[in-house]
Amino acid sequence: GWLRFLDMEDICKIYEHIKNELPEVNLMVNECFLEKRKKHQAFMHYVVDYMIEYEQKHKTCIFDSIGTQMHLHAEEPICEIEDSLERFIFTDKKIEITELDVYVDIQTIRVTTKKDLNDYKVYYMDSLFELFEKYKQLISGITIWSISDYMNFMIKKVNESLISNDRYERERRPYVNNI
């Protein structure tokens, strides 16, 4: 990431310059796995808090929202995702879920058919969207990830034989052949 090459002061100046040049554009700071407590705490402390302090010190707005890439395992409890959303409230910034996809581990869930796998994934996604509905004042955008990808972002090799085969992909998702 940028912090390998720049310090936070320089990053804030870059954001400020972009925001001044393109004030109508929603400028976001984005990170993955913010539903994980330790990652969230570190990101909020070292990045977001610094940027908010910069805004207060310079009496300016340098970013509009915080993006969280949610590459989730379906075994992750919804309450942990809710906890992560709660931890954003104090910032007064909108939240964008920038890469929502759900990985279902067939060995953990113990499904045996594609229909069972899909049913479980739909159930989990329904639970997520009920949660997002609850926090709709906080969330300004959701990007569904891996819609046209051949496979979900997080699918492991062990699942390939059950989830994807050429015939299944052609029949269920003919657009894959056209992308």
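Above this text is the structure in question.
Quick look at the structure, then.

1. Description of the pairing of strand 2 (residues 65–69)
Here is step 1 of the chain: Along strand 2, 5 of the 5 residues are buried, which leaves the element largely enclosed by surrounding structure.
Here is step 2 of the chain: The alternating pattern of strand 2 places Ser65, Gly67 and Gln69 and Ile66 and Thr68 on opposite faces, both of which are buried.
Here is step 3 of the chain: Looking at chain direction, strand 1 (residues 28–32) and strand 2 are connected through 5 bridges and run parallel. Paired with Cys32 across the bridge in strand 2 is Gln69.

2. Examining the packing of helix 1 (residues 8–21) against helix 2 (residues 37–58)
Here is step 1 of the chain: Look at helix 1 against helix 2: their axes get within 10 Å of each other, and the N-to-C directions meet at 60°. Overall, the two elements helix 1 and helix 2 adopt an arrangement that is oblique. When the axes of helix 1 and helix 2 are compared, the crossing they make is right-handed. The segment helix 1 lies against helix 2, with Met8, Glu9, Cys12, Lys13, Tyr15 and Glu16 engaging Tyr46, Val47, Tyr50, Met51, Tyr54 and His58.
Here is step 2 of the chain: A per-class count over the contact of helix 1 with helix 2 returns 8 nonpolar, 1 polar and 3 charged.

3. Details of the side chain of Thr68
Here is step 1 of the chain: On the secondary structure map, Thr68 appears in strand 2.
Here is step 2 of the chain: Filtering out sequence-adjacent residues up to four positions away, Thr68 remains in contact with Asn30, Glu31, Leu34, Glu35, Phe88, Ile95, Glu96, Ile97, Thr98 and Glu99.

4. Examining helix 5 (residues 114–134)
Here is step 1 of the chain: Here helix 5 is 21 residues long and its end C-alpha atoms lie 30 Å apart, about the 30 Å a rise of 1.5 Å per residue gives.
Here is step 2 of the chain: Leu117, Tyr124, Met125, Ser127, Leu128, Leu131 and Phe132 are the residues of helix 5 that are buried. Buried residues along helix 5 cover an arc of 155° about the axis, so they all sit on one side. Seen from the buried face of helix 5, the exposed residues on the opposite side, beyond 90 degrees, are Lys115, Tyr123, Glu130 and Lys134.

Each value, and the rule that gives it
Residues numbered from 1 in each chain as written. Predicted model: local features only at pLDDT ≥ 70, side-chain atom pairs only at ≥ 80, totals over all residues. Heavy atoms only, no water. Buried < 20%, exposed > 50% of the residue type's maximum accessible area, 1.4 Å probe, protein only. Helix = DSSP H or I, 4+ residues; strand = E, 2+ residues; numbered from the N terminus. Pairing = 2+ DSSP bridges. Axes fitted to C-alpha atoms, helices over the stretch in contact; angles between N-to-C directions. Parallel < 35°, antiparallel > 145°, perpendicular 65-115°, else oblique. Left-handed = near helix turned anticlockwise from the far one by under 90°. Contact = heavy atoms within 4.5 Å. Nonpolar A, V, L, I, M, F, W, Y, C, P; charged D, E, K, R; others polar. Expected span 1.5 Å × (residues − 1). Arc of directions from axis to C-beta.

Interpretation in functional terms is not warranted from these geometric data alone.
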